[in-house]
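# Observations on the model geometry
Spelled out from the first residue to the last, the chains are:
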Amino acid sequence: MADFAATREMFYLPEGVIYLDGNSLGPLPRAAEAKVAATLRDEWGEMLISGWNKAGWMEQPGRIGNRIARLIGAEPGSVVVGDTLSIKVYQALASALELNPERRVILSDSGNFPSDLYMADGLVRSLGQGYALKVVAPGEVEGAIDTCTAVLMLTEVDYRTGRKHDMAALTAVAHEQGALVLWDLAHSAGALPVDLAGANADFAVGCTYKYLNSGPGGPAFIYVAPRHANKVRPALSGWLGHEAPFGFDLTYRPARGIERMRVGTPPVLQMAALETALDVWDMVTMEEVRARSIELTEAFVAAVEQACPMLELASPRNPLLRGSQISFRHEEGYAIMQALIAHRVIGDFRAPDILRFGFTPLYTRMEDVVGAAAILAEIMAKALWRNPEYRVRHRVT
Ligand SMILES: Cc1ncc(COP(=O)(O)O)c(C=O)c1O
């Protein structure tokens, strides 16, 4: 049985802070400090370039990929780590389009993260030849999938509202229509059980700095279904995805399987942090995390709705239809969030009016939920957010 008091102990959390933003940036796993220091000193420092062979740096992306695979229901050997999520979106999408060469439409929704849509738009412009990005409302996705759809590209959990798509159902509809599916798991991996293999997904991508706690700038991951892995052209054909990188052949030949989705030199230090961060996941199951997440989010919704009728719930009320975050709407959402942060409750704000709170059972306790709701109630009751200081816009919201 999961011991969430023990998992919380594995993180460094600043004294007196209620942290409800692990859906944006996970906190520091205590062991990461020593691990990164040791990687710096004993590996980079002592081994110098021989670290690539002696310390296993070259195998790190696949080794870590396998540990992430377990959390997202992916087959062993189907996930590799590297680059940023935006890059992996581009790579997966470009690769998927080539597997469906007769079709020209990328279908996505307006709940998708803008970077995914920007990357798709950029790709469409580079490709020309009639390629197009079609964006519909989240509720209209199913009906918009047709025989023109080459790739359905969706983020499973909406970054603003937490609304969750039905991955298995939408994948099945897309396949019936002859389309491939790319899932962005940025707000799913480590947040709720994901079953990529069971859903028959084609491609998936996600990041590690949110629920997986790899730290700012931690690398992304990419999944390619084993049935495609030896057929797909990786689109970004970098030397570390080559069959024989140190053959220095002038002609590109993709490596076998998921290794071909690697591009260039991996971020070894950040991966050291990630590898350590993943240890905590060996102590829990995703089902236990999900059950606790639902308890925490339900308690938060009930407490906030009772004390703050002026805040409108933006997340689905049914916990099964949302991820591990709760969002409320208010036209002064930015100032309210700044007031909360000044009172040491950290969530974030997403334009135009969303107050967003992430619930991460590995280190979020019920007392944090109760405390955060009480502070929010006080800020609303006394209109503390009216302080002009809280209206100053920062670069990151
Ligand atoms: C759903 C989703 N996709 C893509 C991105 C972009 O990720 P990155 O900045 O790592 O490229 C984010 C970032 O938060 C995201 O939430």
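Residues numbered from 1 in each chain as written. Predicted model: local features only at pLDDT ≥ 70, side-chain atom pairs only at ≥ 80, totals over all residues. Heavy atoms only, no water.

### Here we look at the site of the ligand
Surveying the vicinity of the ligand reveals the residues T84, L85, S86, F113, D116, T155, D184, A186, H187, Y209 and K210. Here an oxygen atom of the ligand sits 3.3 Å away from a polar atom, N or O, in the main chain of L85. Take S86: an N or O atom from its side chain is 2.6 Å from an oxygen atom of the ligand. With the chains in place, 84% of the 400 Å² that the ligand exposes on its own is no longer accessible. The site holding the ligand turns out to be the largest pocket. Tallied by class, the residues present in the shell around the ligand amount to four nonpolar, four polar and three charged. (Near = heavy atom within 4 Å. Polar contact = N/O pair within 3.5 Å; in protein donor to acceptor, adjacent residues only side chain to side chain. Areas by Shrake-Rupley, 256 points an atom, 1.4 Å probe, with all protein chains shown as cover. 1 Å grid on protein atoms, 1.4 Å probe; cavity = no way out; pocket = protein on both sides within 12 Å on 5 of 7 lines; lining within 4 Å. Sits in = over half its atoms within 2 Å of the grid points. Nonpolar A, V, L, I, M, F, W, Y, C, P; charged D, E, K, R; others polar.)

### Let's talk about the layout of surface pockets
Reported here for the largest pocket is a volume of approximately 500 Å³. Lining the largest pocket are 25 residues, and of these S24, F113, Y209, K210 and R350 lie nearest its centre. In terms of lining, the second largest pocket is formed by Y90, A94, L97, E98, R104, L123, L127, Q129, Y131, R233, A235 and L236. For the lining of the second largest pocket, the secondary-structure elements that each account for two or more residues are α5 (85-98) and α6 (114-127). Here the lining of the second largest pocket takes four residues from α5, the largest share from any one element. (Points joined across faces, edges and corners; volume = space filled by probe spheres on them. Helix = DSSP H or I, 4+ residues; strand = E, 2+ residues; numbered from the N terminus.)

### Overview of the environment of D166
Mapped onto the elements, D166 comes out in the loop between β7 (149-155) and α8 (167-176). Exposure remark for D166: the relative accessible area of 46% places this residue in the partly exposed category. In the structure, D166 is positioned 155 residues away from L321 in sequence and 8.4 Å away in space, judged by C-alpha atoms. Within the structure, the side chain of D166 is placed 3.1 Å from the backbone nitrogen of A169, a separation counted as a polar contact. (Buried < 20%, exposed > 50% of the residue type's maximum accessible area, 1.4 Å probe, protein only.)

### Looking at a nonpolar patch on the surface
Judged by side-chain polarity, L40, W44, L48, I49 and L269 come together as a nonpolar surface patch covering roughly 530 Å² of accessible area. Mapped onto the elements of the fold, I49 is located in the loop between α2 (30-47) and α3 (51-54). (Patch = residues over 30% accessible without salt bridge, like charges linked within 9 Å, V, L, I, M, F, W, Y side chains within 5 Å. Salt bridge = Lys/Arg side-chain N within 4 Å of Asp/Glu carboxyl O.)

### What to know about the sheet that holds strand β14 (residues 348-350)
In space, the four strands of this open sheet follow the order β11-β12-β15-β14, with antiparallel pairing throughout. Strands with a single pairing partner mark the edges of an open sheet, and in this sheet they are β11 (312-313) and β14. With two bridges connecting them, β11 and strand β12 (residues 325-329) associate as antiparallel partners. In the strand pairing of β12, L313 is matched with F328. Here helix α13 (residues 333-342) sits on the sheet in contact with β14 and β15 (354-358), set at roughly 40° to β15. (Pairing = 2+ DSSP bridges. Contact = heavy atoms within 4.5 Å. Axes fitted to C-alpha atoms, helices over the stretch in contact; angles between N-to-C directions.)

### Overview of the packing of helix α4 (residues 60-71) against helix α11 (residues 268-277)
Think of two packed helices as two axes; the pair is described by the angle between the axes and how far apart they sit. Relative to each other, α4 and α11 sit at 25°, their axes nearing to 11 Å. Between α4 and α11, the angle falls in the class roughly parallel. For the element pair α4 and α11, the recorded crossing hand is left-handed. Only V268, M271, A272, L274 and E275 of α11 make contact with α4, whose side of the interface consists of Q60, P61, R63, I64 and R67. When the residues that make up the contact of α4 with α11 are grouped by side-chain class, the tally is six nonpolar, one polar and three charged. (Parallel < 35°, antiparallel > 145°, perpendicular 65-115°, else oblique. Left-handed = near helix turned anticlockwise from the far one by under 90°.)

### Brief notes about unusual backbone geometry
A cis amide bond links A351 to the next residue, P352, at an omega of 5°. The phi angle at Q129 is positive, at roughly 50°, despite the residue not being glycine. By secondary structure assignment, the location of Q129 is in the loop between α6 and β6 (132-136). For Q129, a relative accessible area of 57% corresponds to the exposed category.

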